[in-house]
Amino acid sequence: MISGMNAAQFAQQLIGADRAGKDTLYKGKLTASKTQLDAYTLLENNMKKMATKLSEMGGNATKGKIATVTGENATATVKSDAPKGNYDLSVHKLAQAHQLTKTYASENELLPATGVMSIQVGSDPTKRMEIDLATVNGGAAISVSQLRDVINKQVGNPGVQASLVRTGNQIEFMLSSKESGVANQVKVEFNGADWGMTERRAAQDAELTLNGIDITSSSNYLENVVDGVSLELVKVHAAGESSMIKVTDDFEANKKAVKDFVDSFNSIMTQINQLTRSMGVQTSDSSSSDKDKEDKTTAVSEAQIGVLKGDTSIRLLQSKLRDSVFVTAANGMRLSDIGIEIGRDGKLKIDDAKLTDSFKSDPEKVQAMFTGPDSYVKSIENTLKPFTQFNGYIDQKQEAINKQIKSVNDSMARHDYQMNQKYQIYLTQFTAMEATINQFSVASGLFS
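Residues numbered from 1 in each chain as written. Predicted model: local features only at pLDDT ≥ 70, side-chain atom pairs only at ≥ 80, totals over all residues. Heavy atoms only, no water.

A.B. asks: Give a description of the overall build of the protein chain that names residues and reports values.
C.D. replies: Regarding its fold elements, the protein chain presents 8 helices and 18 strands. Radius of gyration (C-alpha) of the protein chain: 39 Å, far over the 22 Å computed for a compact globule of 448 residues. Once the C-alpha set of the protein chain is aligned to its principal axes, its extents read approximately 130 × 75 × 35 Å. Of the contacts formed within the protein chain by residues at least 6 apart in sequence, a portion of 73% connects residues at least 24 apart. (Helix = DSSP H or I, 4+ residues; strand = E, 2+ residues; numbered from the N terminus. Rg over C-alpha atoms; globule rule 2.2 N^0.38 Å. Contact = heavy atoms within 4.5 Å.)

Right under this line is the structure:
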């Protein structure tokens, strides 16, 4: 054919020219919509991340307590509601689990083929197990190791653990109570009589004094022994010795909570700046030395810079967030009173020394700024809520953009169909023309 192209190539070339304009238009619309959708999703993720941190601060994040214990006799854990104070601890006894053994020549030694073994833990009648040796193995005698397995796998095990101790020349069949304390003493009988086990460790309660108060516990872990304070006993004190437990405010944890608040605020303000301005600013490092691993999920790409510049609602959100940190808290304090100032770039900056002094001098007053119904945290949460809640502003914008994307995809599908129909018309026309030219070529050859 002319120019060395066949009918299909001619048709394809014409269709390419016909569809180029709309293809570019649709592709541009689709790219713009998807970029906007990604930007709203990015902003939503960052808002929800900030809301989570705010929720933590509004709870107990700024009320942290820490307990220090002298010596190695005990450890202490505290909750935020623990009262500050000093406690003198003396551990007299540690709680012990009851332990019994019986000696055998080997683990394969057979037990009597008949008889009933009963194991009782404490005085509770429900904590009792009976093993009928005549039926447990279909009438055949069982070995010492098989008895261990029967006890451990028994559905009604009352709280004992069977094990074998290999001494080299013989086997010690050992029964241990799973729980410590006198109340969990183990009693083993065979056909109603004592089975003759040797006591290796007596059941024992922990005994201690705390600020002169005598305390007994079946466990070495004493939960909430003082409001919000739990103890783990490790070692008995020598006569006349004791440990000092000191419960104080955890200044470092409290400061970190405030720094997390500042980091979250700065992150959302930077992101809004980037998404709503034609000339974006670079994402600044968080003021925290501990970079959150999720920071990558909130980074604005170059293509997203300014993509939401026409969204006045997002700009209004930024303005409200900025205003929320300028107001005075319900207790009359301002962020500047504890060393938090807003810079010319719109970001919060922390004077670490001033923040530390504030927590040390009046921690309750600082905590009140970030907790309660009229706190900074609650103010920002209320500002974010219309944007992050189900079917809120962000959800509605995402839904609208998804409809736009669907509309563009539908238009592209129709365009593809129309162009395919037109291609078939061109192909038919050029094929017919190609056939005619070939006929003329054959005819002209007859006269040459």
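A.B. asks: So what's going on with the packing of helix α3 (residues 251-276) against helix α4 (residues 312-324)? Residues and values would help.
C.D. replies: Closest axis-to-axis distance for the α3/α4 pair is 10 Å, and the angle between their directions is 150°. Relative to α4, the element α3 lies roughly antiparallel. Classified by chirality, the crossing of α4 by α3 is left-handed. In this structure, α3 uses F265, I268, M269, I272, N273 and T276 to contact α4, whose residues at the interface are I314, R315, L317, Q318, L321 and R322. Classifying every residue of the contact of α3 with α4 by side-chain character gives 7 nonpolar, 3 polar and 2 charged. (Axes fitted to C-alpha atoms, helices over the stretch in contact; angles between N-to-C directions. Parallel < 35°, antiparallel > 145°, perpendicular 65-115°, else oblique. Left-handed = near helix turned anticlockwise from the far one by under 90°. Nonpolar A, V, L, I, M, F, W, Y, C, P; charged D, E, K, R; others polar.)

A.B. asks: Could you give an account of unusual backbone geometry, with specific residues and numbers?
C.D. replies: The backbone of N191 sits at a positive phi, close to 55°, despite the residue not being glycine. Looking at the secondary structure, you find N191 in the loop between β9 (186-190) and β10 (193-194). Phi is positive for N224, close to 55°, though the residue is something other than glycine. By secondary structure assignment, the location of N224 is in strand β14 (residues 221-226). Residue classification places N224 among the partly exposed positions, given a relative accessible area of 42%. (Buried < 20%, exposed > 50% of the residue type's maximum accessible area, 1.4 Å probe, protein only.)

A.B. asks: Summarise the confidence of the model for the protein chain; cite the residues concerned and give the values.
C.D. replies: Taken as a whole, the protein chain shows an average pLDDT of 86; of its residues, 92% reach a score of 70 or greater. Note that residues 280-294 has pLDDT below 50 and, in this model, 21 contacts with residues that lie over four places away or in other chains. (pLDDT = per-residue confidence, 0-100.)

A.B. asks: Before we move on, could you go through the sheet that holds strand β13 (residues 213-217) and cite the residues and values that matter?
C.D. replies: Across a sheet, strands are paired by hydrogen bonds formed along the backbone, either parallel or antiparallel in direction. Across the sheet, 5 strands lie side by side as β1-β16-β3-β12-β13; this open sheet has antiparallel pairing. The sheet is open, and its two borders are formed by β1 (65-69) and β13, each paired with just one other strand. Neighbour-to-neighbour, the strand axes of this sheet turn through a mean angle of 25°, independent of strand direction. As paired elements, strand β3 (residues 85-93) and strand β16 (residues 243-249) share 5 bridges and run antiparallel to each other. Its bridge partner lying in β16, G85 is registered against V247. (Pairing = 2+ DSSP bridges.)

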